[in-house]
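# Structure assessment
The residues making up each chain are set out below.
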Amino acid sequence: MVTLMTALYFDVLRPIDRVAVKPHGSPVYHAIQYLFGRQSRDQFERFRAFGGAQSYPSRTKDRDDVDISTGSVGMGVAMTSFAALAQAFLRKRRLVAADTPPGRMVAVAGDAEFDEGNVFEALLESWKHHVTNVWWIIDYNRQSLDAIVADRFFNRLDTVFKTMEWRVVTLKYGKRLDAAFARRGGDALRSWIDDCPNSAYSALAYQGGAAWRSRLERDLGDTSGIRELLDEHDDRALHRLMTNLAGHDVAAVREAFHAAADDETPTCFIAYTIKGYGLPFEGHKDNHSGLTTPAQIEALRAGMGIAEGEEWEPFAGLDVPEQELRAFLDTVPFNQPARRNHRAPRVPVPAALTVPPGDHLSTQAGFGRVLADIARRHPDLADRIVTTSPDVTVSTNLGGWVNRRGIFSQSTQVDVFHEDRPLSAQDWSMGPNGQHLELGIAENNLFVLLAALGLTAPLFGARLLPVGTLYDPFISRGLDALNYACYQDARFILVATPSGVSLAPEGGAHQSVLTPLIGLGQPGLTAFEPAYVDELAEILRWSFEHIQADNGGAVYLRLSTRPLTQPRRELTPNARCEIVDGGYWLVPPAPGAELAFVVSGAVVSEAHEAHRHIVEDIPGAGLLVVTSAGRLQQDWMRGSKTGDVEQTHVHELLRPLAPTAGLVTVLDGHPATLSWIGSVGPHRVLPLGVTQFGQSGDVQDLYHAYELDADAILDAAARLCVGG
Ligand SMILES: Cc1ncc(C[n+]2csc(CCOP(=O)(O)OP(=O)(O)O)c2C)c(N)n1
Ligand SMILES: [Mg+2]
């Protein structure tokens with residue numbers, strides 16, 4: 001990593017390039033920033049300590065200009081190809097200056113990262129989108145955490161890349177070994193190393209010169225030229241020669257990087273290295289958990305010519321005068337003054353979005369119409385929106401938007417089904433002006449692309465407002481990538497439909513149970529589950545602002561395909577605030593009421609029906625709609641800590657109820673999403689929701705089976721009242 005990163009940062013990188021440094025490369029990254037004067041000694045010394053430099057490079061927590069966070073192996077690698085796609089999108093749409101050269105998106109990756117399937121999902125998708133300007137540099141040390149990795153796979157890896165039209169550059173032998181191969185007996189030596197299994201090579205690298213000598217004497221002692229070679233090298237020199245892999249040879253690495261730097265072809269460098277090179281445990285299969293002893297550190301320090309106490313001096317131990325080194329650093333291309341962390345202006349959001357007409361509408365259909373309406377009525381906002389979906393564009397109701405704004409492609413392609421005769425209502429024409437990025441079915445890719453699109457403001461200086469749609473249950477499929485996107489503070493709106501058992505006939509395989517809890521628990525993500533379309537329009541408007549706010553974040557909307565009769569109402573400014581704050585009384589309780597129903601999402605009509613019945617017996621009962629359990633809960637937890645819990649929105653909402661009141665909570669999802677509301681005041685809670693895999697059936701049968709229908713809600717109310 002030291003060699004690869006040195007060649008990158010001190011030579012080939014330009015300020016416009018972006019790098020994802022593999023998790024274990026973090027110390028090297030911070031050391032380089034320290035030499036550039038962009039990392040403080042305090043931060044660097046406190047590497048991995050509280051408030052210090054992060055163990056894995058972090059965009060949000062490190063102070064030295066990390067481009068792309070890493071930590072979950074494979075994610076940073078994929079992120080570079082999607083960042084390159086985001087950059088291409090901005091350039092084609094002329095949202096950034098097209099007369100400046102594009103940046104190169106570089107991943108310095110561990111070889112074990114290529115065991116993660118998401119890397120290959122990204123590779124295939126980037127090929128489909130003709131992505132260029134990506135480099136993946138693989139630190140091929142043939143080790144992961146546990147052990148030495150199998151050779152068989154890496155012997156094939158280059159063909160995978162070549163199939164995807166990548167250039168593959170294998171950096172196997174350093175200059176010293178190359179010279180040895182040119183001597184008499186050199187061919188035999190090269191074949192011997194080529195054929196040496198990873199584990200045997202690693203073991204010899206660990207054992208050192210004497211072990212190399214006896215093995216080579218045994219295997220090649222009779223080959224002419226080898227004896228002379230062995231005689232010319234003492235143990236130390238022999239070890240240096242036999243471990244002279246190209247990944248440790250800065251001249252070989254620079255040569256390879258420069259040879260590939262002239263064009264935009266995506267390139268994979270496979271750089272052979274030894275894990276722990278130059279340390280006492282180099283090559284040892286258990287070295288991941290190896291720690292150098294104080295004595296070994298002393299020996300390392302002395303061996304590098306660094307005086308005691310001068311370990312943090314930037315240029316200690318070097319035989320080039322400091323002045324010369326500083327002068328060199330001033331000439332390094334990456335170190336030239338340039339703004340790297342951009343601030344892009346905000347895109348104005350209208351004061352209100354039009355609520356689509358229709359008495360009977362689902363939130364998903366409403367979403368499609370609101371977005372299509374934005375495309376028509378609010379061009380300034382619409383121009384900055386980019387939508388994406390993993391093969392569920394039409395079925396998540398993005399069709400109207402796509403018909404208006406087109407599909408992005410680096411080249412123009414007509415839709416033959418639409419062109420001559422309208423054989424399809426959906427126009428699937430593609431071109432460089434399109435604003436929808438269609439992905440194959442891979443939710444990991446969706447989230448990593450949203451991470452890239454959601455960071456174009458700081459990375460490229462042009463703000464996009466990304467909206468991604470998928471099926472709610474498949475959030476779990478890409479959950480780590482979603483977490484990764486949030487961890488980097490990427491800004492996007494995630495719209496997930498259908499949700500829960502409300503999608504009925506599709507049954508348990510497409511049913512989401514846990515996703516409301518993900519919405520509640522995921523840092524950096526604010527979740528909403530609107531019941532009615534006018535709520536959705538206001539939430540969407542707020543979301544476009546929230547994803548642009550300094551202290552904002554990403555947004556997740558859990559929608560439904562179930563059409564509901566829409567309330568006839570004009571939302572007051574106060575009602576809009578309450579919707580965004582997380583909840584409002586659809587039917588306010590009478591002062592001192594003994595019962596309230598608390599409901600989220602599509603089951604609002606069941607709660608409403610139950611409510612109509614219950615008021616015959618309990619006239620003051622209320623019906624509370626929770627649009628965002630997360631917003632309510634966060635506000636309440638903040639208030640609980642700061643002592644102003646009485647001012648929190650949920651507390652205000654529950655204030656009219658009698659202390660002895662019971663709450664029946666209900667949603668098409670895990671009941672724990674709402675049951676916490678019982679902790680706000682003295683009220684008792686009976687939570688309804690889904691905790692099992694679903695069946696196929698129609699909505700009424702399923703609501704009955706899973707105790708979400710009006711009868712179940714009334715039963716729960718009765719149990720609460722009897723219990724009270
Ligand atoms: C998704 C994920 N799973 C597991 C880990 C734990 N882990 C950290 S690094 C690593 C493998 C390291 O191997 P490699 O990428 O080859 O890097 P090297 O240690 O050789 O530098 C693993 C399994 C992780 N960080 N992320
Ligand atoms: Mg490795």
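Calculation criteria
- Residues numbered from 1 in each chain as written.
- Chains lettered and ligands numbered in written order.
- Predicted model: local features only at pLDDT ≥ 70, side-chain atom pairs only at ≥ 80, totals over all residues.
- Heavy atoms only, no water.
- Donors = N, O, S within 2.8 Å, 3.2 Å for Na, K, Ca; no water.
- Helix = DSSP H or I, 4+ residues; strand = E, 2+ residues; numbered from the N terminus.
- Buried < 20%, exposed > 50% of the residue type's maximum accessible area, 1.4 Å probe, protein only.
- Near = heavy atom within 4 Å.
- Polar contact = N/O pair within 3.5 Å; in protein donor to acceptor, adjacent residues only side chain to side chain.
- Areas by Shrake-Rupley, 256 points an atom, 1.4 Å probe, with all protein chains shown as cover.
- Nonpolar A, V, L, I, M, F, W, Y, C, P; charged D, E, K, R; others polar.
- Contact = heavy atoms within 4.5 Å.
- Pairing = 2+ DSSP bridges.
- Axes fitted to C-alpha atoms, helices over the stretch in contact; angles between N-to-C directions.
- Core = buried A, V, L, I, M, F, W, Y, C linked by side-chain atoms within 4.5 Å.
- Parallel < 35°, antiparallel > 145°, perpendicular 65-115°, else oblique.
- Left-handed = near helix turned anticlockwise from the far one by under 90°.
- Salt bridge = Lys/Arg side-chain N within 4 Å of Asp/Glu carboxyl O.
- Phe/Tyr/Trp six-rings, centres within 6.5 Å; stacked < 30°, edge-to-face > 60°.
- Lys NZ or Arg CZ within 6 Å of the ring centre and 35° of its normal.
- Expected span 1.5 Å × (residues − 1).

## A short note on the coordination of the magnesium ion (ligand 2)
Those donors, Asp111 (OD), Asn141 (OD1) and Gln143 (O), are the protein atoms that reach the magnesium ion (ligand 2), and they lie 1.9 to 2.1 Å from it. Sequence positions of the donors to the magnesium ion (ligand 2) reduce to the motif D-x29-N-x1-Q. Of this pair, Asp111 sits in the loop between strand S2 (105-110) and helix H5 (117-128) while Asn141 sits in the loop between strand S3 (134-140) and helix H6 (151-163), placing them 30 residues apart in sequence. Grouping residues by exposure puts Asp111 and Asn141 together as buried.

## Thoughts on the site of ligand 1
In the vicinity of ligand 1 lie 15 residues, with Lys22, His24, Asp111, Asn141 and Lys275 positioned nearest. Here Lys22 contributes a side-chain N or O atom positioned 2.4 Å from an oxygen atom of ligand 1. Residue Gly71 places a main-chain N or O atom 2.8 Å away from a nitrogen atom belonging to ligand 1. Against a free-state accessible area of 580 Å², the protein chains account for coverage of 75% of ligand 1. Here the residues of the shell around ligand 1 sort into 3 nonpolar, 7 polar and 5 charged.

## Digging into the side chain of Gln54
With respect to the secondary-structure elements, Gln54 resides in the loop between helix H3 (41-45) and helix H4 (75-92). Apart from residues no more than four positions distant in its own chain, Gln54 is found in contact with Ser26, His30, Phe47, Lys61 and Asp62.

## Looking at the sheet that holds S3
Read across the open sheet, the 5 strands follow the order S1-S2-S3-S5-S4; overall the sheet is parallel. Of all the strands in the sheet, the pair left with one neighbour each is strand S1 (18-21) and strand S4 (167-171). Strand after strand, the sheet turns through a mean of 15° between neighbouring axes, direction not considered.

## Some words on the nonpolar core
Counting residues in each nonpolar core, the largest one holds 92 residues, and the members touching the most others are Phe114, Trp136, Leu189 and Leu494. The element best represented in this core is H4, accounting for 11 residues. Once residues within four sequence positions are removed from consideration, Phe114 is found in contact with Val77, Ala109, Val119, Phe120, Trp136, Ile138, Phe153, Leu157 and Phe161. Ile407, Phe528, Leu623 and Val625 belong to the second-largest nonpolar core, a separate cluster that totals 70 residues.

## So, the environment of Thr60
Mapping Thr60 onto the fold places it in the loop between H3 and H4. Sequence separation between Thr60 and Tyr487 is 427 residues, and the spatial gap between their C-alpha atoms is 7.7 Å. In this structure Thr60 touches Tyr487, Gln488 and Asp489, once residues within four positions along its chain are discounted. Of note is the side chain of Thr60, whose polar atom sits 3.4 Å from the backbone oxygen of Tyr487.

## Structural notes on the sheet that holds strand S16 (residues 583-587)
Taken in spatial order, the 5 strands of this open sheet run S16-S18-S17-S19-S20, and their pairing is mixed. The outermost strands of the open sheet, each flanked by one partner alone, are S16 and strand S20 (684-688). Mean inter-strand twist for the sheet, computed between neighbouring axes without regard to direction, equals 25°. Strand direction decides the pairing type here: S16 and strand S18 (residues 622-626), joined by 4 bridges, are antiparallel.

## Considerations on the packing of helix H16 (residues 363-377) against helix H24 (residues 533-546)
At a minimum axis distance of 9 Å, the contact between H16 and H24 shows a crossing angle of 50°. By the angle between their axes, H16 is oblique relative to H24. Between H16 and H24 the crossing geometry is right-handed. Along its contact with H16, which presents Thr363, Gly366, Phe367, Val370, Leu371 and Ile374, the element H24 presents Val533, Leu536, Ala537, Leu540 and Phe544. In terms of residue class, the contact of H16 with H24 is built from 9 nonpolar, 2 polar and no charged.

## Concerning the pattern of salt bridges
This model, assessed by the stated rule, comprises 43 salt bridges. Of the charged contacts, one joins Arg254 and Asp11 as a salt bridge, the two residues approaching to 2.6 Å between their closest N and O atoms. In this pair, Arg254 is assigned in helix H13 (residues 250-260) and Asp11 in helix H1 (residues 2-12), connecting sequence segments 243 residues apart. Residue Asp194 is joined to Lys172 by a salt bridge in which the shortest nitrogen-to-oxygen separation is 2.7 Å. Of this pair, Asp194 sits in helix H8 (residues 186-195) while Lys172 is found in the loop between S4 and helix H7 (175-181), placing the two residues 22 residues apart along the sequence. Judged by relative accessible area, which is 22%, Lys172 ranks as partly exposed. One continuous salt-bridge network, built from bridges that share partners, spans Arg18, Asp65, Asp67 and Arg340.

## Side note on the environment of Phe114
The topology assignment puts Phe114 in the loop between S2 and H5. Residue classification places Phe114 among the buried residues on the basis of a relative accessible area of 2%. Along the backbone, Phe114 and Leu157 are 43 residues apart, and their C-alpha atoms lie at a distance of 8.9 Å.

## Regarding the environment of His651
Its place among the elements puts His651 in helix H28 (residues 649-654). Sequence separation of His651 and Gly681 is 30 residues, and the distance between their C-alpha atoms is 7.4 Å. Discounting chain neighbours no more than four positions away, the residues touching His651 are Val645, Glu646 and Val680.

## Describing the pairing of strand S7 (residues 385-390)
Counting buried positions over the 6 residues of S7 gives 6, a clear majority of the element. A two-sided burial pattern is seen for S7, the buried positions comprising Ile385, Thr387 and Ser389 on one face and Val386, Thr388 and Pro390 on the other. Where S7 and strand S11 (residues 465-470) come together, 4 bridges link them in parallel fashion. Its bridge partner being in S11, Val386 is matched across the sheet by Pro466. Across 4 bridges, S7 lies against strand S10 (residues 436-439) in parallel orientation. Of the residues in S10, the one forming a bridge with Pro390 is Leu439.

## Some remarks on the packing of aromatic side chains
Within the structure shown, the criterion is met by 23 aromatic pairs. On the basis of an interplanar angle of 80° and a centroid distance of 4.7 Å, the ring pair of Tyr140 and Tyr272 is categorised as edge-to-face. Placement of the pair is Tyr140 in strand S3 and Tyr272 in strand S5 (residues 267-272), with a sequence separation of 132 residues. Like Tyr272, Tyr140 is buried. The lysine or arginine in question, Arg38, covers the ring of Phe36, its NZ or CZ lying 5.5 Å from the ring centre.

## Description of H24
Helix length check: H24 (14 residues) gives 19 Å between terminal C-alpha atoms against 20 Å at 1.5 Å per residue, within 8%. Taking burial as the measure, the 14 residues of H24 include 13 buried ones, the bulk of the element.

## Some remarks on H16
Across its 15 residues, H16 extends 20 Å between first and last C-alpha, which sits within 8% of the 21 Å expected from 1.5 Å per residue. In terms of burial, H16 is a largely internal element, 12 of the 15 residues being buried. Among the residues making up H16, those that are buried are Thr363, Gln364, Ala365, Gly366, Phe367, Gly368, Val370, Leu371, Ala372, Asp373, Ile374 and Ala375.

## Description of unusual backbone geometry
With omega at -10°, the peptide bond leading from Thr497 into Pro498 counts as cis. Mapped onto the elements of the fold, Pro498 is located in the loop between strand S12 (493-496) and helix H23 (515-521). Even without a glycine there, the phi angle at Glu165 is positive, about 65°. Relative to the assigned elements, Glu165 resides in the loop between H6 and S4.

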